Amino acid sequence: MNINYFKTFITVVKKGSFSEAAKTLSLSQPAISFQIQSIEKEYGQILLDRSGLRVQLTEAGKIFYSYARQILKLNGALSESIDELQGVVRGHLALGASTIPGEYIVPKILGQFIKKFSDVEPELEISDTAEILTKIREHEIDIGFIGALPDSNNLQVEKFVTDELILIIPPNHPLASKVKVKIEDILKEPFILREIGSGTRKTIKETLEKAKIQLENLNEIMDLGSTQAVLSGVEAGLGISIISKFAAEKALALGTVNTVPFKNISFSRDLFLVYEKNRFLTRTQKEFIKFALSH
C-alpha cells in the first residue's frame, strides 16, 4: 500500500473531515475518499464513522490509526537514518512546547532554523507541560520546551532561557507614575491571574511565598485560561497582572499596557529544552537542539 495513504488517513482523523484533510494535503476531496475507501477495502473493515458532523474512528479504525502512526514514524526514521550517513539535514521535526515558549519563543527560532535548513518539515504542538512530557515519552514528540523542571531521570534537560515575569498595568493607572513598586503596592489592586495549574501562576505563588505573602493576599478578581486573555483584560482596564515579558513585548511597544519594575523582588523562572536521554537523535534533531540552545 502507498505510504501516503497512511498519512491521508491520519490527517482525516486529526482534521475530523475529508474536506479539511483535502485542504491540508492539497488534494481533491474525491482523492481523499478514494484513498480511505482503498484502505477499508484492503483490510475489509469500516475504519471511519462518517455519520456525524466529524468523522470518528470505529474500533477497527482505532487499531489501524495506532499502527499507521507507527508505520509513518518508522518510515521517517528510515529516511532520517540514511540521511544521517550523508550528513543531510531534512525531514520531519516534531516539537512540543508549553504556552509561553510555544507561542512567543520557539516559532521565532524555528523560523530562523527553517531559513537555514529549508528541507526540514517542522510540526509544533502547544499544550501544557505534563502533556508535552507524556508525548515525549510516547515518542509522539522529538523535542519539548517546558516551563517546569521535569521529575524524570530518563530525560535530557537543558536550560533554555530565563523567563522574566513583569507587572503589567493599564497606561493611565496610578502606579504608572512610580519609579518602582513594592509588592505591598499591588495587594489591594484588582488582580487578574492565570488559571490553577498554569506555570505562570505557580511562579507567582512561589515567589510571593518567599516574601512571606500568600497568593490569597492578592485581590484576585478573575482567573483566565491564557496569557493573551490576561493581557486583554489589563488592556481593557479590568485590573493589573504579572505575565511573561516575552508575552508582553508587543503590547508594551504599542503602548496598550505599561510596566513598572518591582523593588526588592523578582519574578522569574527557567524554561527548559528536553528530550529522551537514550533515544537515537537524527542529524536534524541534533542540529535543531544545537541551534535552539545557541539562539
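It should be noted that the structure appears before, not after, this text.
Summarised in this report is the structure supplied together with it. (Residues numbered from 1 in each chain as written. Predicted model: local features only at pLDDT ≥ 70, side-chain atom pairs only at ≥ 80, totals over all residues. Heavy atoms only, no water.)

**Regarding the overall build of the protein chain**
From N to C terminus, the protein chain includes ten helices and ten strands. With the principal axes as the frame, the protein chain shows a C-alpha extent of 70 × 45 × 35 Å. For the protein chain, buried positions account for 42% of its 295 residues. As displayed, the protein chain offers around 15900 Å² of accessible surface, 50% of which is attributable to carbon and sulfur atoms. Within the protein chain, one finds 36 positive and 36 negative side-chain charges whose respective centroids are separated by 3 Å. (Helix = DSSP H or I, 4+ residues; strand = E, 2+ residues; numbered from the N terminus. Buried < 20%, exposed > 50% of the residue type's maximum accessible area, 1.4 Å probe, protein only. Areas by Shrake-Rupley, 256 points an atom, 1.4 Å probe, with all protein chains shown as cover. Lys, Arg positive; Asp, Glu negative; His and termini not counted. Charge placed at Lys NZ, Arg CZ, Asp CG, Glu CD.)

**Here's the deal with the packing of aromatic side chains**
How two aromatic rings sit relative to each other is given by the distance of their centres and the angle of their planes. Following the criterion strictly, the structure yields nine aromatic pairs and no others. With centroids separated by 6.2 Å and ring planes inclined at 90 degrees, the aromatic side chains of F145 and F288 adopt a geometry described as edge-to-face. Residue F145 is found in strand β5 (residues 143–146), and its partner F288 is found in helix α10 (residues 283–294); the two are separated by 143 residues along the sequence. Relative accessible area serves as the criterion here: at 1%, F145 is assigned to the buried category. (Phe/Tyr/Trp six-rings, centres within 6.5 Å; stacked < 30°, edge-to-face > 60°.)

**A word on helix α9 (residues 245–254)**
Among the residues of α9, those classed as buried are A247, A248 and A251. Within α9, the buried residues cover an arc of 75 degrees as seen down the axis, which keeps them to one side. Residues of α9 that are exposed and point more than 90 degrees away from the buried face comprise K250 and A253. Buried-residue contacts for α9 involve α5 (99–116), β6 (155–168), α8 (227–235) and β9 (241–244). (Arc of directions from axis to C-beta. Contact = heavy atoms within 4.5 Å.)

**Notes on the nonpolar core**
Ranked by size, the top nonpolar core spans 35 residues in total, and within it F113, I143, F145, F160, I168, L273 and F288 carry the most contacts. At the level of secondary structure, the elements contributing two or more residues to this core comprise β3 (91–97), α5, β5, β6, α8, α9, β10 (267–276) and α10. Looking at which element gives the most residues to this core, the answer is α5, with seven residues. Apart from residues lying up to four places away in sequence, I143 is in contact with L93, A94, L95, G96, I136, L273, V274, Y275, Q285, F288 and I289. Among the nonpolar cores identified, the runner-up in size contains 21 residues, and F191, I213, V260 and F262 belong to it. (Core = buried A, V, L, I, M, F, W, Y, C linked by side-chain atoms within 4.5 Å.)

**Examining the pattern of salt bridges**
In total, this model carries 18 salt bridges according to the counting rule given. Among the salt bridges present, the one from R269 reaches D163, with a minimum N-O distance of 3.2 Å. Placement of the pair is R269 in strand β10 and D163 in strand β6, with a sequence separation of 106 residues. Taken together, the shared-partner salt bridges in this structure form one network comprising R69, E125, E131, K135 and E140. (Salt bridge = Lys/Arg side-chain N within 4 Å of Asp/Glu carboxyl O.)

**Things to note about the side chain of H173**
With respect to the element layout, H173 can be found in the loop between β6 and β7 (190–194). Given a relative accessible area of 13%, H173 falls into the buried group. A polar atom in the side chain of H173 sits 3.0 Å from the backbone nitrogen of L175. Dropping the residues within four chain positions of it, H173 is found in contact with E189 and I240. (Polar contact = N/O pair within 3.5 Å; in protein donor to acceptor, adjacent residues only side chain to side chain.)

**Concerning helix α7 (residues 199–210)**
With twelve residues, α7 extends 17 Å from end C-alpha to end C-alpha; this agrees with the ideal 16 Å at 1.5 Å per step. Those residues of α7 that sit buried are T200, R201, T203, I204, T207 and L208. Summarising the axial view, the buried residues of α7 lie within an arc of 160 degrees, below the 170-degree limit, and thus occupy one face. Of the surrounding elements, those touching the buried residues of α7 are β6, β7, β8 (219–224), β9 and β10. (Expected span 1.5 Å × (residues − 1).)

**Comments concerning the pairing of β8**
Across five bridges, the pairing between β7 and β8 is parallel. Considered in β8, the bridge of I192 is made with M222. Remark: the β7/α7/β8 crossover connection has right-handed handedness. (Pairing = 2+ DSSP bridges. Right-handed = clockwise from strand over helix to strand, strands pointing away.)

**Brief notes about the sheet that holds β10**
With mixed pairing, six strands are arranged side by side in an open sheet as β4-β3-β5-β10-β6-β9. The open sheet has two edge strands, β4 (120–126) and β9, and neither has a second partner. Within this sheet the neighbouring strands show an average axis-to-axis angle of 25 degrees, counted without direction. Pairing analysis gives four bridges linking β6 to β9, with the strands arranged antiparallel. Across the sheet, the residue bridging to I166 is I243, located in β9. (Axes fitted to C-alpha atoms, helices over the stretch in contact; angles between N-to-C directions.)

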